[in-house]
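# Analysis of the macromolecular model
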Amino acid sequence: MSETQHTESESQPFVRSVFVILRHWKLLAVTFVVAVAASVALSLSLSNWYTATATFLPPQGSSGLLERVTGGLSSTLRTFGISSLGSQGEGYNYIAILQSRRIGEELVREFNLMEVYGTDGSMEDALDELESNSSFELAEDGRMVISVTDYDPERAAEMAESYFRHLNDISTELNSIEARNNRKFVELQYTSTRDSLRELEQQLAAFQERTKIYALKEQTEAAVSAASELYAQLGLQKVYLSMLERNLGADDAEVRAQRAIVEEMEQQIPGMGDNELAGLVGREGTDLPEEGLTYLRLYRDIEILSKLQAFLLPMYQQAVIEEQKQMHVLVPLDRAEVPERKAGPKRSFIVLGTVVLALILAVAFVLIRERVQHYRAAYPDEWESLRRSMSFRRES
């Protein structure tokens, strides 16, 4: 190389780097061959793994007790500007159940995964490995997807099916517990209403026997009966609100909406309270004698409780039926089949990535080594000083 060409190459680092790489082509070629051989050997030593997938559809709607309540509302509610109460969301988070330790331990024991994963009897390590080999996804079309990866394709399919089976069992169990709690709650409301109604009927009978007042004006009875319908609807909505709070929590969006409905009804229903009978029967109600007012209150309360009992009875019957049902709630869409094609490893990617990385490291080594030699020749004094400063041996 002439002096002019040498100067030009010094002023152009890229050109100089190309010449340096070309001068060491043998080293790069050996690196390439070794990297290909090592990566191929490594990839072939890796076992194939397979992914099995099962899908199911969560229930699209509830036919349970709360749905029956909302579906059974009379058109009276529409007078309050209420056209829909909204739909109840899923009672349980299926992904949370699938990721629970309960299901994880069931699968570890069922498939002897501590031995399969080689965790030396450690349940925690086996659960961690199972978690890394399992995935759960809610697709945009509403499907729940369970995927399990394993070196044995048959075991992968069986584990995916086991996930679904345990999820269905736990969901059924939780639904049964909820149905039992709802039945107890509605039963308490129903029996309390029934007992209060009986007590009021006895009081009314004693009052009629004492005062000889046996009936109200036809117009007054009609007004009280109509208002009692609204009172009973309000009582039913309060029962529904209590059930939502027990099942969803006080801060849930549907609970807040239901609470707003109750408050709106309380504001618009006339005659709320013993001192507001005028709201029920007009101003003539305030002109009644004390005995007449007492009779009116008893008659009103009996009408309210009678209608409320009529609303609660089918709810109670439905709650009893739901408690006795033992049926799975999830619908399998695609059973997990034994996968025919491997999911990994991607051997071509392993070989390509290893070769590229090896060549990058080799080129970097060549360039750094060349620059070190260049600076060592161009600046010998500075290089020697640097070498001495980096030496750990003490000078004598």
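Structure shown above.
As a starting point, this report considers the structure included with it.

### Topic: the side chain of Ser39
Residue position: Ser39 is located in helix α3 (residues 25–45). Here Ser39 falls in the buried class, since its relative accessible area comes to 2%. Within the local environment of Ser39, its side chain forms a polar contact with the backbone oxygen of Ala35, the two atoms lying 2.8 Å apart. In terms of polar contacts, Ser39 uses its side chain to reach the backbone carbonyl oxygen of Val36, at 3.0 Å. Not counting residues up to four positions away in its chain, the partners in contact with Ser39 are Ile350, Val351, Thr354 and Val355.

### Regarding the pattern of salt bridges
Following the criterion strictly, the structure yields 13 salt bridges and no others. We note a salt bridge from Arg102 to Glu173, for which the minimum N-O separation is 2.8 Å. Within this pair, whereas Arg102 is found in helix α6 (residues 101–110), its partner Glu173 is found in helix α9 (residues 153–211), the two being separated by 71 residues in sequence. Here Glu303 ties to Lys307 by a salt bridge, and the two come within 2.9 Å at their closest N and O atoms. With Glu303 and Lys307 both in helix α13 (residues 290–324) and 4 residues apart, this pair spans about one turn of that helix. By sharing partners, the salt bridges in this structure join Arg101, Glu105, Arg109 and Glu124 into a single network.

### Quick notes on the sheet that holds strand β4 (residues 331–334)
Here 4 strands make up an open sheet; going across it, the order is β2-β3-β1-β4 and the pairing antiparallel. Looking at the sheet topology across the chains shown, the edges are occupied by β2 (134–138) and β4. Averaged over all pairs of adjacent strands, the angle between strand axes in this sheet comes to 25°, irrespective of strand direction. Those strands touched by α9 are β1 (50–57), β2, β3 (144–150) and β4, and its axis lies near 145° from that of β3.

### Observations concerning the packing of helix α2 (residues 13–23) against helix α14 (residues 347–378)
At a closest axis distance of 10 Å, the pairing of α2 and α14 adopts a crossing angle of 110°. Here α2 is positioned roughly perpendicular relative to α14, judged by the angle of their axes. Judged by the twist between their axes, the crossing of α2 over α14 is right-handed. Packed against α2, whose contacting residues are Arg16, Ser17, Val20, Ile21 and Arg23, the element α14 presents Val363, Val366, Leu367, Glu370, Arg371 and His374 at the interface. Its residues placed into classes, the contact of α2 with α14 shows 5 nonpolar, 2 polar and 4 charged.

### Considerations on the nonpolar core
One finds Leu130, Met159 and Tyr163 to be the most contacted residues of the largest nonpolar core, which totals 30 residues. Going through the elements one at a time, β1, α5 (94–98), α6, α8 (123–132), β3 and α9 are the ones with two or more residues in this core. Sort the elements by how many residues they give to this core and α9 lands first, with 8 residues. Once residues within four sequence positions are removed from consideration, Leu130 is found in contact with Gly104, Leu107, Val108, Leu113, Tyr117, Met159 and Tyr163. Counting residues in each nonpolar core, the second largest holds 10 residues, with Val186, Tyr190, Val239 and Met243 among its members.

### Considering the pairing of β3
Most of β3 sits inside the fold, with 6 of its 7 residues counted as buried. Direction of pairing for β1 relative to β3: antiparallel, over a ladder of 7 bridges. Residue pairing in the sheet places Ala52 in a bridge with Val148 of β3. Pairing of β2 with β3, which is carried by 5 bridges, proceeds in the antiparallel orientation. Directly across from Ser134, in β3, lies its bridge partner Val148. Linking β2 back to β3 in an antiparallel pair, the connection comprises 5 residues, with Gly142 at a positive phi of about 95°.

### As for the environment of Ser47
Tracing the sequence through the fold places Ser47 in the loop between α3 and β1. Taking the C-alpha atoms as reference points, Ser47 and Pro345, separated by 298 residues in sequence, lie 7.6 Å from one another. Leaving out residues up to four positions away in the same chain, Ser47 has contacts with Tyr151, Gly344 and Pro345.

Here is what the cut-offs are and how they apply
- Residues numbered from 1 in each chain as written.
- Predicted model: local features only at pLDDT ≥ 70, side-chain atom pairs only at ≥ 80, totals over all residues.
- Heavy atoms only, no water.
- Helix = DSSP H or I, 4+ residues; strand = E, 2+ residues; numbered from the N terminus.
- Buried < 20%, exposed > 50% of the residue type's maximum accessible area, 1.4 Å probe, protein only.
- Polar contact = N/O pair within 3.5 Å; in protein donor to acceptor, adjacent residues only side chain to side chain.
- Contact = heavy atoms within 4.5 Å.
- Salt bridge = Lys/Arg side-chain N within 4 Å of Asp/Glu carboxyl O.
- Pairing = 2+ DSSP bridges.
- Axes fitted to C-alpha atoms, helices over the stretch in contact; angles between N-to-C directions.
- Parallel < 35°, antiparallel > 145°, perpendicular 65-115°, else oblique.
- Left-handed = near helix turned anticlockwise from the far one by under 90°.
- Nonpolar A, V, L, I, M, F, W, Y, C, P; charged D, E, K, R; others polar.
- Core = buried A, V, L, I, M, F, W, Y, C linked by side-chain atoms within 4.5 Å.

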